[in-house]
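Now for the letters of each chain:
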Amino acid sequence: MTKKILYLIYFMVIGLNAQVKVSGFVVDEFDEPVPFSNIIFKGSTEGTISDENGKFYLESEMNHTELEISFVGFETQVLTLSRGNNRLRVVMKEGRDQLKEVTIYSGRVKKKNNPAIDILKKIWAKKRTNGLFMYDRYEFDRYEKIEFDLNNIDEKLMNKKVFDGMEMVFDQIDTSKITGKVFLPIFINESVYKTYGKNIYPRKSNSVLVANKNSGYSDNQALISFLKQLYVDFDIYDNYLLFFDKKFSSPLSKLGPDVYNYVLTDSSFIDNKWCYNILFYPRRKNELTFKGDFWVSDTTYAIKEIQMYATKNANVNWVKDIYIEQEYEVLNDSVFLLKRDYIMTDFALNQRDQSKGVYGKRTTLYDNHVFNVKRPDDFYKEQIQDNEEMYNQPDDFWDRNRQEELSENEIGIYKMLDTLQNVKRFQQINTIGEILASGYWNFTKGWDYGPVFSSIGYNDIEGLRLKAGGRTYFSQNDKWRARGYLAYGFMDKKFKYGIEGKWLLKGKDRWVISAGTRNDIEQLGVSLTTANEVLERSFATTSIFTRGDNSKLSNIDLSNFKVSVEPVKNLELRLGTTYKTIESANPEVFNADYFDENGNIQSRIEQVDVSFTAQYTPKRRAYGFGVERSVSNSGRYPTFFFSYTRGFKGPFNSDFDYHKLQFFYEQPYQMGLFGRLTSTLEVGKTFNPVPLQLLNIVPGNQTFFTSKKLFDLLNYYEFVTDEYASLHLEHNFNGKIFSKIPWIRDLQWREIVGVRGVIGGISQDNKDINASDIIYTAPENVYWEYHFGIGNIFKLLRVDFEYRGSYRKVPGATNFAVKVGFGFYF
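Residues numbered from 1 in each chain as written. Predicted model: local features only at pLDDT ≥ 70, side-chain atom pairs only at ≥ 80, totals over all residues. Heavy atoms only, no water.

K.L.:
Would you explain the packing of aromatic side chains in this entry?
P.N.:
Any pair of aromatic rings gets described here by the distance separating the centres and the angle formed by the planes. Taken as a whole and assessed by the stated rule, the structure comprises 38 aromatic pairs. Centre to centre, the rings of Phe-36 and Tyr-281 are 5.2 Å apart; their planes meet at 15°, and the pair counts as stacked. Taken together, the positions of Phe-36 in the loop between β1 (20–28) and β2 (38–41) and Tyr-281 in strand β17 (residues 273–282) put the pair 245 residues apart, joining distant regions of the chain. Neither residue differs from the other here; Phe-36 and Tyr-281 are each classed as buried. Judged by centre distance (6.0 Å) and plane angle (75°), the rings of Phe-243 and Phe-248 are edge-to-face. Here Phe-243 falls in the buried class, since its relative accessible area comes to 2%. A residue is classified by how much of its surface remains accessible, and Phe-248, at 0% relative accessible area, is buried. Of the aromatic side chains, those joined through ring pairs into one cluster are Trp-784, Tyr-786, Phe-788, Tyr-803 and Phe-816. A cation sits over an aromatic face here: Lys-467 above Tyr-485, 4.6 Å from the ring centre. A cation sits over an aromatic face here: Arg-471 above Tyr-440, 4.0 Å from the ring centre. (Phe/Tyr/Trp six-rings, centres within 6.5 Å; stacked < 30°, edge-to-face > 60°. Helix = DSSP H or I, 4+ residues; strand = E, 2+ residues; numbered from the N terminus. Buried < 20%, exposed > 50% of the residue type's maximum accessible area, 1.4 Å probe, protein only. Lys NZ or Arg CZ within 6 Å of the ring centre and 35° of its normal.)

Given below as structure tokens:
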């Protein structure tokens, strides 16, 4: 107990390292908050902006003695400061001595005759003639540091049992210069890149990872991938800035005057350049906007410095604050280059000021710019990187290549986590995190149990189903990996199994071979675009909560061999061959028979096929260089998939000769302030007659949960086709409509609308060989359904109201349903 009190005293006094700290509130004469006030240390460019409640925090290592507070329509206040902590309540008085050329109307700054907007127009005109855009070719070094910290550390938190045996972690506590909160660093990731780019056609840019270093989590592939994808590169001059899959309006956007108020507040020399200071804050609440200020050159109209905070009422889950800071260096009289980019996000379960949370920080520094050096075209193409050394660089490499030194606390993170690896309580916490992130439990060195969340299931054939599985796992960059499982159904009293192995033969172009076998029960017809994956099973096969009959299951015995290569980054080509047998899992309740060429009824399919697939996912990021890599941000960019399957009759008693073509295309569209639209197109055709289980079954959904790419109101096997075209459209407005409605806006719900449709046909030849219980019906007239949904309920739940638009009078049709979904959304 005494030791914890000493820790508390320690982080209460560590703030003395800073010369001056100021916190408080800005209010008017009626004690109402004055939001977005401009607060600076007088005679400097160090400052901040008060939040929506008038609250602010500011600190400096310089010994400033005066604080200046200003806002349009109020007299400027200058207050004397003492060294150390200053807690203030600033009362602003109405006056007309400030910025008389700017007119205030209904709490907003008028656009007409506003000098700040006049400057903004010149920024727009010059933005493509600034910085890197002035040169045909460019190169630079980039250093990136990502750090995560627990914040709002207090004695109550330190006394929690979760920290028993880990008290040494509190040696690393520090105070945020942005918020004034006490925090504890828990994770740090460092990367060094070399970037090559060109502005001449075709414009390209390629960042080559030179080195990467993690603190204590080098083997937690899922965690590192998740942390990396939280932050994406952005250009402050763009109209919209993408954070957490949401488009915020940039304060430098051409649409900015419709979204922001702008005020010209000051002018001063910065690095011998005369610059203007412009304050900006949102015109309306509950929009994805920022508040802050920027300094801009009076000749080039290039940004010199900018700092901005996301407004607190922006509808972003799990995020309490976002702070962004950028600094530009003057290369010569006309060239401004980004020098430092800093982002800090406060992740928390709620918006309360004292709630515990996690700071996520990314610091990016740029240096050693070189221009107009001619390079071969390969320098500008994204390459697959296969270099184990870049993850194992020695300490002296990092001492040479860090563009800023680590703080004592950051250095302490490496030492602290090395120590914690041997602490039992930390190991337990780390294990829980790994299970939640990857679905696997590290049972022993080199072996993981899982997937944990598929250990129990249920269906009408197997009854209760228990499953135990695992994978080999020595590190995230294993050159080979094996996976397998064993399952047992208590109703059919049968064992099922599956095993698969993958080997990375060549890392440069990612030559991978894989082989596997599976004997199991599966619900076919839950995906139009199919692939012969060994260990992947439909969720519908073992779903506990279903509607209607769930007995139309098939027994599949499948073995395959595949070779894949990635000749171009994010383009995977795969060639494989498969042998499989398919029959009804219970012929008494589901007859899947067919007539052979002699007119005899057969119940079992034996089939050999060869397939070629190509999948392209541009701009996708993959981490690691092993046989399996972690992929991030794949949902932000399009996916193209093409498949050709050739079925052979004869080899190994194979029954059918056929061809199958399939194409899949998914495209997300960021619609600015109006949310996100996702479209999915699928087309395909099967040539030559084949039985039911080899045809293209329109995927139904008999669970109570909504699912991507399925038709939620269709039953299994309701539509059977040999040619089809399907389109899914869904738009998430991200709360754009609900934010206008009082009371509802506080719930931060999100509006979702969508429509799905499919058209297809079935040939008479396929109908003629059908001897199953299923009467072939194809959606020759378009089948479609639509839905309205409310998302972000309790930040995790989604409820959809589904309506059937056609084929409503079909016997047994489900014309309306309410379905739910779960997900982790920002």
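K.L.:
Is there a simple way to think about the pairing of strand β34 (residues 605–616) in this case?
P.N.:
For a regular strand, the rule is simple: side chains alternate between the two faces of the sheet. By the bridge criterion, 12 bridges tie strand β31 (residues 571–584) to β34 in an arrangement that is antiparallel. Paired with Leu-573 across the bridge in β34 is Ala-614. (Pairing = 2+ DSSP bridges.)

K.L.:
Help me understand the pattern of salt bridges, please; the structure alone is not making it clear to me.
P.N.:
As enumerated under the stated definition, the model contains 41 salt bridges in all. Here Asp-492 makes a salt bridge to Lys-496, at a shortest N to O gap of 2.8 Å. As far as the burial class goes, Asp-492 and Lys-496 line up, both buried. A salt bridge links Asp-712 to Arg-756; its shortest N-O distance comes to 3.1 Å. Of this pair, Asp-712 sits in the loop between β40 (696–697) and β41 (720–721) while Arg-756 sits in strand β43 (residues 750–761), and the two are 44 residues apart along the sequence. Here the salt bridges do not stand alone but share partners, grouping Glu-462, Arg-465, Asp-492, Lys-496 and Asp-520 into one network. (Salt bridge = Lys/Arg side-chain N within 4 Å of Asp/Glu carboxyl O.)

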